[in-house]
Structures are given as C-alpha cells and as structure tokens.
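Listed below, chain by chain, are the residues.
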Amino acid sequence: MKRMMWFVCALALAAAAPARAQGKLNVVATTEDLASIAREVGGDHISIEAIARGYQDPHFVEAKPSFILKLQKADLLIVVGLELEIGWLPPLITQSRNGKIQQGGDGYLDASREVEKLEIPTGQITRAMGDVHPLGNPHYWLDPENGKRLAKEIADKLSALRPNDRPFFQQQLATFTARLDEGEKRWLAMMAPYKGTKVVTYHRSFPNFAKRFNLDIVGYVEPRPGIPPTPQHTLDLINEMKRQNIKIVMVEPYFDLKTPNAIGRETGAEVLVMPPSVGGVKEVTDYFKLFDYDINLLINAIKKVGAQPTGAR
Ligand SMILES: [Zn+2]
C-alpha cells in the first residue's frame, strides 16, 4: 500500500514537472466570453483573468489600476477586436509597459481575425451614424460557429507560445469543439420551431446570434449605436412593432429598462434582460451556459406572448 502511494505520488510529480518548470502561462482576456473559451482550451496550463465583467457594457469599461497590474504580468492578452475595446484598452496596454502584449507583439491576440463578421459598413462613416464600427459588428461571439473559430485561434496562439504543450492544447480544442457542436445541434433544434420570429433589441449586440438561430431583428431601442433613446425614435419603434406584431424586446443587462418597459406597456411585448456575455447574469458562468440561458429565456417568452413564427408562411 505504501509503495503504491509512493508510486502514485511519483507519477503525479512527473506529470506536474514540465508545467512547473515553465510555470503557467499568464493569460488576460478583455471579456469573460474570451476568458471562458481560453479556460476551456488552456486547461490547467494557463491562468486566465478577464478585464471587463459580463454585466458591463464592453464599449465603456472604466479603467482601474488593477487592470494595469494584470496586464503587467500577462504573457498573452486576448482582445475581441473590431474596435470593441477602442475606448478604454489602448491606454491600459501602453501603461502596462509590457512589451509582450503591445499590439503586434507575440503576446497580443486579436481574436476576430477568422470569425464571421457582419454589418461591415459600406461607404463613408460619419459621426452622425453613431458609434458604428468600421470593421464590422464586434459582438460576433454570440454564434457558436464563431466560438469554435475563437477557440482555434486561441489554441494556435497558446501552442506558438508553448510549443511543447501543443498536443495538450490541440486535444483541449478538440474536446471543446465536440462539446460545442453538440450544444449547437441542441440549440438549433430548440429554436427551429420559432424560425423567423421578429424581435427588437436595445443595442446591436445580437446580429450573429440572430443569423445563427434564425431571428429577424426588426429594430433597435437605440436610435443609432451608442445613442440613447429619443422620444421620436421610441414612438416610431412602437408604431412599427404594432404594425408588424412584434412581441419581444431583448435588452442587454447594462441598459436602463425605462424605455424598453414603456415600449412593452404600449405594445404588449415581453421585455427580456438578455445577457450577451458570460457573467451577464449570475447563472451564466461559461460560454455554454450563455446559449443555454439566452435560448431558454427567449423560447419561454415567445411561448408566453404566443408570437407567430413569421418565417413559417
Ligand atoms: Zn456594440
């Protein structure tokens, strides 16, 4: 028995030795979504922290000194890109004085490179259009297909930084991808009966989600991205919702519910506080639970209002 114990200990030590020799890779992600995916891919070979919390508006994150400390120690920084973090991240990176994670450095990963991008504006962008992102809509992680692409980017970057651990990261990636494939099949099946359901969202956070799960986003509570509701726009939206019999309003957790609730009262629509991110509500603790939660919330609301799936004509 004693010998057996010794043997088990020796095995455990041997397994831990290579990781210990190099230590864990210190990874920082700008959002909890990226952190969740990186955690799946990196397993116990990395330590991972997120900067923005999922219940915060990722466009506007208040910079804290603790963020700079995190960045100072980072071997790798993963960003959503497409200018999502442009309002707050660049000064933090500069102030970290960490050469590895400066844009273009080995430890800087823009996760958006391979994802499907929607709403890439054509023509000139002016300030009058609101907070339009010239590279496309940055809320792309709400499609599991993009989740898989993100995971692959992260696995490849981790492998490049730690070539000896490549087989481990690739195995973790395969496991994550298989789980996500399974989840996606389930979510698509759940949403299939509601194909073409028309909805309104507060901000343009859900285009990739809507495309994957066949929702039709007809309008926005914001008159333009990043611009707060105006009485005229709200009135127009209410009329349009009545005309098209739209009964669902999806609101990100960080927006004021006053206008959405007023719209709900006028139109009989259900107002859903729908997190676009991991950590947006306390139940959503990882990337899988994000889809579980949002899809269940949506389906329960559709059933409640009895909205007719307009795509089933
Ligand atoms: Zn946005």
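Residues numbered from 1 in each chain as written. Predicted model: local features only at pLDDT ≥ 70, side-chain atom pairs only at ≥ 80, totals over all residues. Heavy atoms only, no water.

Peer 1: It is not clear to me how the overall build of the protein chain should be interpreted in this structure. Could you clarify?
Peer 2: Broken down by element type, the protein chain carries ten helices and eight strands. The C-alpha radius of gyration of the protein chain comes to 22 Å, within 12% of the 20 Å expected for a compact globule of 313 residues. Viewed in the frame of its principal axes, the protein chain has a C-alpha envelope of about 75 × 45 × 30 Å. Out of the 313 residues belonging to the protein chain, those deemed buried represent 48%. Contacts in the protein chain between residues far apart in sequence, at least 24 positions, make up 66% of those at least 6 positions apart. Once the 39 positive and 36 negative side-chain charges of the protein chain are each reduced to a mean point, those two points are 3 Å apart. (Helix = DSSP H or I, 4+ residues; strand = E, 2+ residues; numbered from the N terminus. Rg over C-alpha atoms; globule rule 2.2 N^0.38 Å. Buried < 20%, exposed > 50% of the residue type's maximum accessible area, 1.4 Å probe, protein only. Contact = heavy atoms within 4.5 Å. Lys, Arg positive; Asp, Glu negative; His and termini not counted. Charge placed at Lys NZ, Arg CZ, Asp CG, Glu CD.)

Peer 1: Explanation requested: the nonpolar core in the structure shown.
Peer 2: Grouped together as the largest cluster of nonpolar side chains are 56 residues, with contacts concentrated most on I78, L158, F209 and L298. Of all the elements, helix α10 (residues 287-305) adds the most residues to this core, at nine residues. When near neighbours in sequence (up to four residues on either side) are disregarded, I78 contacts V27, V28, A29, T30, L34, A38, L109, A111 and I154. Within the second largest apolar cluster, 16 residues are counted, among which are I68, L77, L89 and I101. (Core = buried A, V, L, I, M, F, W, Y, C linked by side-chain atoms within 4.5 Å.)

Peer 1: Help me out: how do you make sense of the coordination of the zinc ion in this one?
Peer 2: Put simply, a metal with four donors set out as a tetrahedron has ideal angles of 109.5 degrees, and one with six donors set out as an octahedron has ideal angles of 90 or 180 degrees. Around the zinc ion, the protein contributes the donor atoms H59 (NE2), H139 (NE2) and H203 (NE2), at 2.0 to 2.1 Å from the metal centre. Positions of the donor residues of the zinc ion, expressed as sequence spacing, correspond to H-x79-H-x63-H. Taken together, the positions of H59 in the loop between β2 (46-50) and α3 (65-72) and H139 in the loop between β4 (108-110) and α5 (144-161) put the pair 80 residues apart, joining distant regions of the chain. (Donors = N, O, S within 2.8 Å, 3.2 Å for Na, K, Ca; no water.)

Peer 1: Looking at this model, I keep getting lost on the sheet that holds β2. Mind explaining?
Peer 2: Strand pairing within a sheet occurs via backbone hydrogen bonds; the two strands may be parallel or antiparallel. Strand order in the open sheet formed by four strands is β2-β1-β3-β4, and the pairing between neighbours is parallel. One side of each edge strand has no neighbouring strand; the edge strands of this open sheet are β2 and β4. Mean inter-strand twist for the sheet, computed between neighbouring axes without regard to direction, equals 20°. As judged from the three bridges shared by strand β1 (residues 25-29) and strand β3 (residues 76-79), these two strands associate in the parallel manner. Following the sheet pairing, V27 is matched in β3 by L76. (Pairing = 2+ DSSP bridges. Axes fitted to C-alpha atoms, helices over the stretch in contact; angles between N-to-C directions.)

Peer 1: How should I be thinking about the packing of aromatic side chains in this particular structure?
Peer 2: Geometry of an aromatic ring pair is reported as the spacing of the ring centres plus the angle between the planes. In the structure shown here, the tally under the stated rule is eleven aromatic pairs. Between F209 and F213, the aromatic rings sit 5.0 Å apart at their centres with planes inclined by 55°, giving tilted as the arrangement. Judged on exposure class, the residue F209 and its partner F213 are both buried. Each residue in the set F176, W187, F206, F209, F213, Y287, F288 and F291 is aromatic and connected to the rest through ring pairs, giving one cluster. It is R179 that lies over the ring of F288; its NZ or CZ is 3.8 Å from the centre. (Phe/Tyr/Trp six-rings, centres within 6.5 Å; stacked < 30°, edge-to-face > 60°. Lys NZ or Arg CZ within 6 Å of the ring centre and 35° of its normal.)

Peer 1: Which parts of the structure should I look at to understand the pairing of strand β6 (residues 216-220)?
Peer 2: Along a regular strand, successive side chains alternate from one face of the sheet to the other. Examined bridge by bridge, strand β5 (residues 198-201) and β6 share four bridges and lie parallel to one another. Considered in β6, the bridge of T201 is made with Y220. Viewed along the sheet, the connection from β5 through helix α7 (residues 207-212) into β6 turns out right-handed. (Right-handed = clockwise from strand over helix to strand, strands pointing away.)

Peer 1: Explain the pattern of salt bridges here, please?
Peer 2: Think of it this way: side chains of opposite charge can pair up when their charged atoms draw near. In total, this model carries 16 salt bridges according to the counting rule given. Across the salt bridge formed by R204 and E119, the nearest N and O atoms sit 3.4 Å from each other. Taken together, the residues span a long stretch of sequence, with R204 in the loop between β5 and α7 and E119 in the loop between β4 and α5 at a distance of 85 residues. On the basis of relative accessibility, which here comes to 35%, the residue E119 falls in the partly exposed class. Its salt-bridge partner being K242, residue E266 comes within 3.7 Å of it at the nearest N-O pair. Taken together, the positions of E266 in helix α9 (residues 258-267) and K242 in helix α8 (residues 231-244) put the pair 24 residues apart, joining distant regions of the chain. The class of K242 is partly exposed, set by a relative accessible area of 47%. Within the structure, one salt-bridge network assembled from shared partners comprises E145, K148, D181 and E184. (Salt bridge = Lys/Arg side-chain N within 4 Å of Asp/Glu carboxyl O.)

Peer 1: Help me out: how do you make sense of helix α6 (residues 166-191) in this one?
Peer 2: Turn by turn, an α-helix covers 3.6 residues, leaving residues three or four places apart pointing in a common direction. A rise of 1.5 Å per residue sets the reference length of α6, with its 26 residues, at 38 Å; its end C-alpha atoms lie 36 Å apart and thus fit the reference within 8%. Residues of α6 that are buried: F169, L173, F176, L180, G183, E184, W187 and M191. (Expected span 1.5 Å × (residues − 1).)

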